[in-house]
There are 2 protein chains.
Amino acid sequence: MYVIVIYDVESKKCNKLHKYLKRKLNWTQNSIFEGDITKAERVIIKNDLKKLINPKEDSVIIYDLPDKRWINREILGKERNPHQNII
Amino acid sequence: MYVIVIYDVESKKCNKLHKYLKRKLNWTQNSIFEGDITKAERVIIKNDLKKLINPKEDSVIIYDLPDKRWINREILGKERNPHQNII
């Protein structure tokens with residue numbers, strides 16, 4: 001399965017989430033990560049994220065897609081991570 | 001087609017983009033919008049966004065999906081827009 005993870009957390013927690021997600025997924029732009037993972041890996045990521053965030057303040061969105069071939073990504077303006085622009 | 005639009009722009013431009021996208025798509029969370037649109041509408045949105053942003057400073061990501069049935073969205077933590085939580 002393919003996931004897109006977007007986080008919106010307190011600024012002091014950004015670095016922690018970025019570091020964590022960088023080990024698990026590919027960084028797309030700012031607070032957006034993507035990756036091809038197994039269902040088991042998704043469970044681990046979800047559980048870890050729940051521990052890392054404060055549910056009253058922070059939020060993380062996980063989009064699940066059956067396959068990365070079904071999505072196309074287009075970036076307008078500045079590219080923050082041009083090396084991973086092609087899915 | 002179904003699109004997910006995520007913007008990262010200078011704070012003074014956030015309101016302008018939010019207002020624009022709210023007229024065209026459904027607001028999901030913070031700087032994330034989604035919606036079922038035609039290819040012609042996508043062209044208009046892309047062109048309008050290109051005019052609204054500064055390509056040297058801002059960035060907008062557009063994910064295209066053939067159909068919203070292919071994606072599942074899960075929100076961890078705080079829901080910013082609970083009324084539109086179901087795709």
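These remarks concern the structure in this document. Because the structure is a prediction, the values reported are computed rather than measured.

Turning our attention to the packing of helix α1 (residues 11–24) of chain B against helix α2 (residues 39–52) of chain B. Residue and element names in this part refer to chain B. It is at 11 Å that the axes of α1 and α2 come closest, and there the two elements cross at 170°. Compared by their axis directions, α1 and α2 come out roughly antiparallel. Within the contact between the two elements, α1 uses Lys 13, Lys 16, Leu 17, Tyr 20, Leu 21 and Lys 24 and α2 uses Ile 44, Ile 45, Asp 48, Leu 49 and Leu 52. Its residues assigned to classes, the contact of α1 with α2 comprises seven nonpolar, no polar and four charged.

Glancing now at the sheet that holds strand β3 (residues 32–36) of chain A. The sheet built from five strands is open, its strands ordered β2(A)-β3(A)-β1(A)-β4(A)-β5(B) with antiparallel pairing. Either end of the sheet is taken by a strand with one partner, and the two such strands are β2 (26–29) of chain A together with β5 (72–77) of chain B. Strand-to-strand twist of the sheet, defined as the mean angle between neighbouring strand axes without regard to direction, takes the value 25°. Both strand β1 (residues 2–8) of chain A and β3 of chain A contribute to a ladder of five bridges, which runs antiparallel. In the sheet register, Tyr 2 of chain A faces β3 of chain A, and the bridge partner there is Asp 36 of chain A.

Attention now moves to the nonpolar core. Core analysis: the largest hydrophobic core is formed by 18 residues, its most contacted members being Ile 4 and Tyr 63 of chain A together with Ile 4 and Tyr 63 of chain B. Of all the secondary structure elements, the ones that give two or more residues to this core are β1 and β4 (59–65) of chain A together with β1 (2–8) and β4 (59–65) of chain B. Those residues within four positions of Tyr 63 of chain A in sequence are excluded, and the remaining contacts are Tyr 2, Val 3, Ile 4 and Ile 6 of chain A together with Ile 4, Thr 28, Ile 32, Glu 34, Ile 71, Asn 72 and Arg 73 of chain B.

It is worth spelling out the interface of chain A and chain B at this point. In this complex, chain A contributes 35 residues to the contact, which on the side of chain B involves 35 residues. For the pair chain A and chain B, the summed buried surface comes to about 3000 Å²; carbon and sulfur atoms form 57% of the total. On the chain A side of the interface with chain B, the three residues burying the most area are Tyr 63, Glu 74 and Leu 76 of chain A, jointly 24% of the side's total. Taken together, the links from chain A to chain B amount to four salt bridges. We note a salt bridge from Glu 74 of chain A to Lys 46 of chain B, for which the minimum N-O separation is 2.5 Å. Joining chain A to chain B, the criterion identifies 20 residue pairs in polar contact (both at pLDDT 80 or more). Among the elements of the structure, β1, β2, β3, α2 (39–52), β4 and β5 (72–77) of chain A are those that each provide at least two residues to the side of chain A that touches chain B. When its residues are assigned to classes, the side of chain A that touches chain B shows 16 nonpolar, six polar and 13 charged. Sheet topology note: the β4 of chain A/β5 of chain B ladder contains six bridges and is antiparallel. From the neighbouring strand, Asp 64 of chain A faces β5 of chain B, where its bridge partner is Asn 72 of chain B.

Rules used throughout
- Residues numbered from 1 in each chain as written.
- Chains lettered and ligands numbered in written order.
- Predicted model: local features only at pLDDT ≥ 70, side-chain atom pairs only at ≥ 80, totals over all residues.
- Heavy atoms only, no water.
- Axes fitted to C-alpha atoms, helices over the stretch in contact; angles between N-to-C directions.
- Helix = DSSP H or I, 4+ residues; strand = E, 2+ residues; numbered from the N terminus.
- Parallel < 35°, antiparallel > 145°, perpendicular 65-115°, else oblique.
- Contact = heavy atoms within 4.5 Å.
- Nonpolar A, V, L, I, M, F, W, Y, C, P; charged D, E, K, R; others polar.
- Pairing = 2+ DSSP bridges.
- Core = buried A, V, L, I, M, F, W, Y, C linked by side-chain atoms within 4.5 Å.
- Buried < 20%, exposed > 50% of the residue type's maximum accessible area, 1.4 Å probe, protein only.
- Buried area = accessible area lost by both parts, 1.4 Å probe.
- Salt bridge = Lys/Arg side-chain N within 4 Å of Asp/Glu carboxyl O.
- Polar contact = N/O pair within 3.5 Å; in protein donor to acceptor, adjacent residues only side chain to side chain.

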